[in-house]
Each structure stands twice: as C-alpha cells, then as structure tokens.
Amino acid sequence: MNSPFTPEVVNAIKRHMNDDHGDDALLICKGLGGQPEATGATTTGVDAEAIEFAAVVGGEDVVVRVPWSTTLTERAQVRTEVVRLYQEACAALGVPARGEH
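So, how was this worked out
Residues numbered from 1 in each chain as written. Predicted model: local features only at pLDDT ≥ 70, side-chain atom pairs only at ≥ 80, totals over all residues. Heavy atoms only, no water. Helix = DSSP H or I, 4+ residues; strand = E, 2+ residues; numbered from the N terminus. Polar contact = N/O pair within 3.5 Å; in protein donor to acceptor, adjacent residues only side chain to side chain. Contact = heavy atoms within 4.5 Å. Expected span 1.5 Å × (residues − 1). Buried < 20%, exposed > 50% of the residue type's maximum accessible area, 1.4 Å probe, protein only. Arc of directions from axis to C-beta.

Visitor: For this particular structure, what's the right way to read the side chain of Arg84?
Guide: Looking at the element boundaries, Arg84 is found in helix α3 (residues 76–93). In terms of polar contacts, Arg84 uses its side chain to reach the side chain of Glu81, at 2.8 Å. In terms of polar contacts, Arg84 uses its side chain to reach the side chain of Glu88, at 2.9 Å. What Arg84 contacts, discounting residues up to four positions off in sequence, is Pro67, Trp68 and Ser69.

Here is the structure:
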C-alpha cells in the first residue's frame, strides 16, 4: 500500500519520535514488537499500516514493524495510534504508563 504521508511528514514524525519519545519506542519494541531484550530503538518509518523501528538487540539492529489498529489516512491519526501502542506496551510489560503524551 502507498503511504498517505509525504516524505516530509514521515521525516517530521521520525524526528519527533526520536527526539522526544525514544523511551516509548523502546517500550513498544519490547512489549509489542517481539524484542523483549532490546536495549535501544529508533523510529525508522511510518506508513498507513504500521510504524517501523530499528531495535538494538544483542548489539545488532533488528527491524521491528508494529501494525496500527486500523489503516491510517491522515497524519493526526499517528499520534493516537502511537499513544495506544505505548499504553498497550506498558500493560504488556507491567510498566506504569505516564499520563497524557
């Protein structure tokens, strides 16, 4: 599927996630991305179907793709979905979630 997001939008989302929510990305990779041993994570992509990370596992980068709950059609949906993923990851890991993002 083609992404509804321009390269500029994808880059802005990646920059925001990596600058402000690196710990959240790591929790998502650990709790929902099948990489419980990850020690770091960088957001590398966003499209209509999923968010993608490079997780550091055993000193190596591993691609982790975590699907959205629905196909996204606009940028505003990304925030809602990332917050949902973060909250679900915290629940899966037994970690208390912060309040509003």
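Visitor: In this structure, what is going on with helix α1 (residues 7–20)? I would like to understand it.
Guide: Three or four residues apart is the spacing at which side chains of an α-helix point the same way, because the helix has 3.6 residues per turn. Its 14 residues give α1 an end-to-end C-alpha distance of 20 Å, which sits within 8% of 20 Å, the value for a rise of 1.5 Å per residue. Inspection of α1 places Val9, Val10, Ala12, Ile13 and Met17 among the buried residues, and these make up the whole buried set. In an axial view of α1, the angular spread of the buried residues amounts to 160°, which keeps them on one side of the axis. Turned more than 90 degrees from where α1 packs its buried face, Pro7, Glu8, Arg15 and Asp19 sit exposed.

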